[in-house]
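Reading the structure
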Amino acid sequence: MTLDEFRRQWLSPEPYIVAHTSGSTGTPKEIRLLKADMRLSARATNSRFGIKSDSVLAIPLSMDYIAGKMMAVRAFEAGCRLIELPVSNRIEINESVDLLAIVPSQVDSIVSDANAHHIRNVIIGGARLDDTRRRMLAGMPFAAFCTYGMTETCSHVALSDAIDPQGIYSAMPGISFSIDSRDCLRITADSMSFGTLQTNDVVELLDSGRFRWLGRADNVINSGGIKIMAEELECCLQAVLKVPFYIKAEPDDKWGEVPVLVAEAPHNMLPQLQQAIDSLGLGRRKPQLIYCVHALPRTANGKIRRV
């Protein structure tokens with residue numbers, strides 16, 4: 001979908017926009033987002049970043065997904081210009097930009113861009129930001145934030161300073177948080193049509209407006225009574241593994257479940273991967289097996305899909 005095609009949808013008399021979830025945590029599904037909700041979300045972001053009619057927004061992401069759609073709505077609501085960049089990991093900024101929306105794989109490009117000083121704010125979503133890229137953002141001339149949200153909430157409902165190693169998320173205006181019996185995040189937005197939304201994201205709740213994301217409840221590995229968060233383990237491994245990978249559970253006669261690693265790498269890299277993992281001293285959290293595959297399964301927008 002192009003920006004012009006989305007603009008026509010936005011200006012149509014229909015009260016909703018048809019969108020699709022990414023499919024990274026299940027089968028992609030079609031949902032209808034009320035334009036009224038999208039406007040509320042856009043106004044909150046515009047207020048947070050001081051976006052006005054003379055501002056410039058830019059996006060190198062597909063308009064098929066919520067990140068692209070919401071950048072367009074922010075521009076529409078502010079009456080400002082939106083630059084639609086090529087969907088690529090090579091981003092070139094040639095003019096001043098007040099808000100740029102990207103995914104983690106695009107961080108490498110903007111931190112090495114000689115024109116990075118033209119950027120004022122960057123929001124990063126779609127996947128967890130690894131520690132290597134977090135460190136790359138330190139000292140950059142722009143402010144960078146990780147986003148937490150989903151298609152159902154019309155993009156982000158919380159932001160975290162991208163260089164904060166603790167990854168503490170703070171609620172956007174009008175949003176509050178609580179947890180259920182599993183310590184999974186519950187989102188409340190009284191002004192939006194969804195009202196309250198229960199997630200499967202395990203968090204450490206700090207207060208009603210802040211939390212630290214730990215991982216998906218679906219991905220908790222119970223190994224002999226020790227609960228291992230797949231996402232936290234992946235974050236540790238990213239320091240030593242330079243290939244795409246993910247962690248999943250596999251049945252084990254002794255421990256019930258153990259973590260295993262699936263890496264996009266040739267089989268002759270197996271000893272190198274094993275040595276890198278052993279160097280971390282992970283104890284019981286260490287992946288017990290490594291599978292090397294030609295290509296990891298991915299969603300339509302490039303996210304790794306656990307299978």
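A short tour of the structure in this document, coming up. (Residues numbered from 1 in each chain as written. Predicted model: local features only at pLDDT ≥ 70, side-chain atom pairs only at ≥ 80, totals over all residues. Heavy atoms only, no water.)

1. Topic: the side chain of Asp98
Structurally, the position occupied by Asp98 is in the loop between strand 4 (81-84) and strand 5 (99-102). On the accessibility criterion, Asp98 (19% relative accessible area) is buried. (Helix = DSSP H or I, 4+ residues; strand = E, 2+ residues; numbered from the N terminus. Buried < 20%, exposed > 50% of the residue type's maximum accessible area, 1.4 Å probe, protein only.)

2. Quick word on the side chain of Thr153
Here Thr153 shows up in the loop between strand 7 (143-150) and strand 8 (155-161). Assessed through its relative accessible area of 1%, Thr153 is described here as buried. At 3.0 Å, the side chain of Thr153 and the backbone oxygen of Met150 are in polar contact. (Polar contact = N/O pair within 3.5 Å; in protein donor to acceptor, adjacent residues only side chain to side chain.)

3. Some points on the sheet that holds strand 6 (residues 121-124)
On the basis of which strands lie adjacent, the open sheet formed by eleven strands has the order 4-3-5-6-7-8-9-13-12-11-10 and mixed pairing. Of all strands in the sheet, those bounded by a partner on one side alone are strand 4 and strand 10 (176-179). With strand direction ignored, the average angle separating the axes of adjacent strands in the sheet is 40 degrees. Here strand 9 (residues 168-171) runs beside strand 13 (residues 210-216); their pairing, made up of three bridges, is antiparallel. Across the sheet, the residue bridging to Ser170 is Arg210, located in strand 13. Lying on the sheet, helix 2 (residues 35-49) is in contact with strand 5, strand 6, strand 7 and strand 8; it crosses strand 8 at an angle near 25 degrees. (Pairing = 2+ DSSP bridges. Axes fitted to C-alpha atoms, helices over the stretch in contact; angles between N-to-C directions. Contact = heavy atoms within 4.5 Å.)

4. Looking at the sheet that holds strand 16 (residues 245-252)
Ordered by their spatial adjacency, three strands build an open sheet running 16-17-18, and the pairing between neighbours is mixed. Unpaired on one side and paired on the other, strand 16 and strand 18 (289-293) mark the two borders of the sheet. The mean angle between the axes of side-by-side strands here comes to 30 degrees, regardless of whether they run parallel or antiparallel. Examined bridge by bridge, strand 17 (residues 256-264) and strand 18 share five bridges and lie parallel to one another. Its bridge partner lying in strand 18, Leu261 is registered against Ile290. Contacting strand 16 and strand 17, helix 6 (residues 230-237) runs over the sheet at an angle of about 130 degrees to strand 16.

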